[in-house]
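Single-letter residue listing:
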Amino acid sequence: MDINTTTGKSVGIVETRKFTFESFTFRSGRTLGPVSLAYETYGTLNAQKNNAILLTHALSGSAHAAGYHSSDDKHPGWWDLYVGPGKPFDTDIYYIICSNVIGGCNGSTGPSSINPETGRPYGLDFPMVTIHDMVNCQWHLVRHLGIDRLLSIAGGSMGGMQALKWSIMYPDMVGSVISIATSASLSAQGIALNEVGRQAIMNDPNWNGGNYYGSKGPDAGLSLARMIGHITYLSEKHMHEKFGRRYKDEDPTITKFDNVFMVESYLHYQGTKFVDRFDANTYLYITKAIDYFDLKKDYGTLHNAFSSVKSNFLIISFTSDWLYPSSQSKEIVQALRANGKNVMYTDIETDMGHDTFLIDYEPLKRNITNFLKREYERVKS
Amino acid sequence: MVDIEHIAYDLILDEVAPGSKVLDLGCGDGTLLHKLQKEKQAVPYGVEISEDGVWHCVEKGLYCYQGDIDEGLADYKDNSFDYVILNQTLQITKRPSYVLNEMMRISKNAIVSFPNFGYYKTRLQLLVKGIMPKNILLPYEWYETPNIHLLTIQDFQNFCKKHEYPVKKETHFSLASAGRSSIIRTFPNIIAQYGFFVLDGERYTRPLSQ
């Protein structure tokens, strides 16, 4: 019974909507209001309201998970390969929701939003954001959409952290969790790499203590942070296969420090492209939220963290992911198993590294498709 | 050709009480667990090393963990399962003694079945031909076999005695036809192709309560 998931259609033209609630109190104790979340939905909520799936995005994601924003839009949403009719998150069957996290820069309230008290962007006056806050904001949205219980919550990387946190904070609302390439607490190496990215931004003179809105921002710093990020998302092997030692030009002259290698060119391209769509302060806030996320510290032990969850779990790691290594997913699985929870775990063989969850990868598609199908059957019966 | 894919499934299905919580160590594509779920309303869990096996389990809706059998057994509380099954896998495990001990601890019943190295045809190959046995039970050349801890029925009986594992039942068998076992009661250590034991994990884990 193999399901062919390589086909599937686009959800077509979609629109980002906005949900605004009067006030929101952050974990730090600060209250802001009004607060908005940008979100998109695909598919139709059924009459029983039991087919809703929340997608939680990673560091640089947005509410725009699938489809296109206009007929001449060339770039589909960040998880378009997985979301649409006939795709793993099949919009003919499920009702899919994706929202931009609080602190984000793609429509949700964040450091680049206007502070109503001053009439200027918050900048570093924005409260510290945690994964806990992201989940609580999404809770408001889900309730606003009239959903009492989600069939599933799915996300990779930081999205996986949110999905796990949801199952702990709202056990009765989360039927199942699909957590991909994530961790219960980022490694020291991961924190170190995030810090280098943050320092790249903060050492850019244009950052100006976070007050750069309306003038030239810390583009060089943000671009450098993104370049570092992209190194961590790929495996050594994949990078070698993709670029090797190839040059941009066939017969390069030995010049000073122009970027001549393909891999240099790739990183510069990724860095420059990122600057156009992302806010540097959001980068600082969100990476810090990832660093602070620690289920072991918050609940004493990882075992305690999962003691009251009621969801079924699909946990997936990738063998070549060194940013969120398989051992960190296994740790989650073991804590869940020790609590007697229902968990499926697969360590998918791949050379593509951490970013495997964003590429067209049949084993991932197949497991998500089959897991959701069975979970939906359980809910319906 | 006998269907060697489903060895001992009939005996295991007979053994497992309806509605039991079952863990299958080395569950492959989940066929046995799926049968137990359908025919015995069992609540099934699995551990499997191969990606493909785990993915088939996901397809069947079985909660399965991809990893080594001995990985993470320590996480389970005493007597978490009604049955833990180690079917045709004991001889492949790296630490059989550890695995069996954990099975006895985490389960009320441990079902263990393995190819009997004392089977007379196996003995004869070594004795008469002087070569490492290769037959329907042990279908590998010595240089490519995954079987690293081969044993006889007698070996396992001695092992249980030494470790004070209470043996509930022994139904050693040979294959009769596809998926069908015929139980061997006379000289099983010579005549039976496979050993089949049910051990009392509950009595082992909580000896004082008896």
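This structure is a prediction, so every number in the text was calculated from the model and none was measured.

## Let's talk about the overall build of chain A
No. 1: The secondary structure content of chain A amounts to eleven helices and 14 strands.
No. 2: Expected size for 381 residues packed as a compact globule is a radius of gyration near 21 Å; at 21 Å, chain A falls within 12% of this value.
No. 3: Dimensions of chain A along its principal axes, counting C-alpha atoms only, are 70 × 55 × 50 Å.
No. 4: Out of the 381 residues in chain A, the part that is buried amounts to 58%.
No. 5: Partitioning the intrachain contacts of chain A with sequence separation of at least 6 by distance along the chain shows that 74% fall at a separation of at least 24.
No. 6: Of the roughly 15700 Å² of accessible surface on chain A, a fraction of 51% belongs to carbon and sulfur atoms.
No. 7: Averaged over its 36 positive side-chain charges, chain A has a centre that lies 5 Å from the centre of its 39 negative ones.

## Some remarks on the confidence of the model for chain B
No. 1: On average, residues of chain B score 93 in pLDDT, and 96% of them are at 70 or above.
No. 2: The ipTM assigned to the predicted complex is 0.88, against a pTM of 0.93.

## Quick notes on the interface of chain A and chain B
No. 1: The interface is formed by 26 residues belonging to chain A together with 22 residues belonging to chain B.
No. 2: Of the roughly 2200 Å² buried where chain A meets chain B, counting both sides, 46% is carbon and sulfur surface.
No. 3: In this assembly, chain A and chain B are joined by two salt bridges.
No. 4: Note that Lys330 of chain A and Glu71 of chain B form a salt bridge whose closest N and O atoms lie 3.1 Å from each other.

## Some remarks on the packing of helix H1 (residues 131-144) of chain A against helix H2 (residues 158-169) of chain A
All names here are of chain A.
No. 1: Viewed as axis vectors pointing N to C, H1 and H2 meet at an angle of 70°, and their least axial separation amounts to 9 Å. Taken together, H1 and H2 sit at an angle that is classed as roughly perpendicular. For the crossing formed where H1 meets H2, the hand is right-handed. Packed against H1, whose contacting residues are Ile131, His132, Met134, Val135, Asn136, Gln138, Trp139 and Val142, the element H2 presents Met158, Met161, Gln162, Lys165, Trp166 and Met169 at the interface.
No. 2: Here the contact of H1 with H2 is built from residues that sort into nine nonpolar, four polar and one charged.

## Re the packing of aromatic side chains
All names here are of chain A.
No. 1: Within the structure shown, the criterion is met by 33 aromatic pairs over all chains.
No. 2: Judged by centre distance (5.3 Å) and plane angle (55°), the ring pair of Trp166 and Tyr170 falls under tilted. The burial state of Trp166 is the same as that of Tyr170; both residues are buried.
No. 3: Within the aromatic cluster, the residues linked to one another by ring pairs are Phe19, Phe21, Phe24, Phe26, Tyr122, Phe126 and Tyr285.
No. 4: A cation over an aromatic ring shows up here: Arg226 above the ring of Phe274, its NZ or CZ 4.2 Å from the ring centre.

## A look at a nonpolar patch on the surface
All names here are of chain B.
No. 1: Among the surface-exposed residues, Tyr120, Leu124, Leu127, Val128, Phe187, Ile190 and Ile191 lie close enough to one another that they form a single nonpolar patch of about 710 Å² accessible area.
No. 2: Going through the elements one at a time, helix H5 (120-129) and helix H7 (188-191) are the ones with two or more residues in the nonpolar patch.
No. 3: Per-element tally for the nonpolar patch: the top contributor is H5, with four residues.
No. 4: Looking at the secondary structure, you find Phe187 in the loop between strand S8 (180-183) and H7.

## With respect to the pattern of salt bridges
All names here are of chain A.
No. 1: The full count for this structure, using the stated rule, is 23 salt bridges over all chains.
No. 2: The salt bridge partner of Lys296 is Glu331, with a shortest N-O separation of 3.1 Å. Of the two residues, Lys296 is situated in helix H8 (residues 295-299) and Glu331 in helix H10 (residues 326-338); the sequence distance between them amounts to 35 residues.
No. 3: Residue Glu331 is classed as partly exposed on the basis of its relative accessible area of 28%.

## Re the pairing of strand S4 (residues 81-87) of chain B
All names here are of chain B.
No. 1: Along S4, six of the seven residues are buried, which leaves the element largely enclosed by surrounding structure.
No. 2: Direction of pairing for strand S1 (residues 21-25) relative to S4: parallel, over a ladder of three bridges. By the bridge assignment, Asp24 is partnered in S4 with Ile85.
No. 3: In this sheet, strand S5 (residues 107-115) lies alongside S4 in parallel orientation, the contact comprising six bridges. Bridge pairing in S5 links Tyr83 to Asn109.
No. 4: For the handedness criterion, the β-α-β arrangement of S4, helix H4 (residues 96-106) and S5 is classed as right-handed.

## Describing the pairing of strand S4 (residues 35-42) of chain A
All names here are of chain A.
No. 1: Of all the eight residues making up S4, eight are buried; the element is thus mostly covered by neighbouring parts of the structure.
No. 2: Inspection of the sheet shows strand S1 (residues 17-21) paired to S4 by five bridges, in the antiparallel sense. Bridging from a neighbouring strand, Thr20 pairs with Ser36 of S4.
No. 3: The pairing of S4 with strand S8 (residues 95-99) spans four bridges and is antiparallel. Each residue of the ladder has a partner; that of Glu40, found in S8, is Cys98.

## A short note on the environment of Pro44 of chain B
All names here are of chain B.
No. 1: With respect to the helices and strands, Pro44 occurs in strand S2 (residues 43-48).
No. 2: On the basis of relative accessibility, which here comes to 8%, the residue Pro44 falls in the buried class.
No. 3: Between the alpha carbons of Pro44 and Gly30 there is a distance of 9.2 Å; along the sequence they are 14 residues apart.

## Here we look at the confidence of the model for chain A
No. 1: With 97% of its residues at a pLDDT of at least 70, chain A reaches an overall mean of 95.
No. 2: Ignoring residues within four places in sequence, the model shows residues 1-5 of chain A, a span with pLDDT below 50, making 13 contacts including any to other chains.

## Details of unusual backbone geometry
Residues and elements named next belong to chain A.
No. 1: Pro34 follows Gly33 through a cis peptide bond whose omega is -10°.
No. 2: Looking at where Pro34 falls in the secondary structure, it is placed in the loop between strand S3 (31-32) and S4.
No. 3: Positive phi values are uncommon outside glycine, yet Lys49 reaches one of about 55°.
No. 4: Positionally, Lys49 belongs in the loop between S4 and strand S5 (52-55).
No. 5: For Lys49, a relative accessible area of 39% translates into the label partly exposed.
No. 6: Located in the positive-phi region is Ser157, a residue other than glycine, with phi close to 60°.
No. 7: Relative to the helices and strands, Ser157 is located in the loop between strand S11 (152-156) and H2.

Parameters at a glance
Residues numbered from 1 in each chain as written. Chains lettered and ligands numbered in written order. Predicted model: local features only at pLDDT ≥ 70, side-chain atom pairs only at ≥ 80, totals over all residues. Heavy atoms only, no water. Helix = DSSP H or I, 4+ residues; strand = E, 2+ residues; numbered from the N terminus. Rg over C-alpha atoms; globule rule 2.2 N^0.38 Å. Buried < 20%, exposed > 50% of the residue type's maximum accessible area, 1.4 Å probe, protein only. Contact = heavy atoms within 4.5 Å. Areas by Shrake-Rupley, 256 points an atom, 1.4 Å probe, with all protein chains shown as cover. Lys, Arg positive; Asp, Glu negative; His and termini not counted. Charge placed at Lys NZ, Arg CZ, Asp CG, Glu CD. pLDDT = per-residue confidence, 0-100. Buried area = accessible area lost by both parts, 1.4 Å probe. Salt bridge = Lys/Arg side-chain N within 4 Å of Asp/Glu carboxyl O. Axes fitted to C-alpha atoms, helices over the stretch in contact; angles between N-to-C directions. Parallel < 35°, antiparallel > 145°, perpendicular 65-115°, else oblique. Left-handed = near helix turned anticlockwise from the far one by under 90°. Nonpolar A, V, L, I, M, F, W, Y, C, P; charged D, E, K, R; others polar. Phe/Tyr/Trp six-rings, centres within 6.5 Å; stacked < 30°, edge-to-face > 60°. Lys NZ or Arg CZ within 6 Å of the ring centre and 35° of its normal. Patch = residues over 30% accessible without salt bridge, like charges linked within 9 Å, V, L, I, M, F, W, Y side chains within 5 Å. Pairing = 2+ DSSP bridges. Right-handed = clockwise from strand over helix to strand, strands pointing away.

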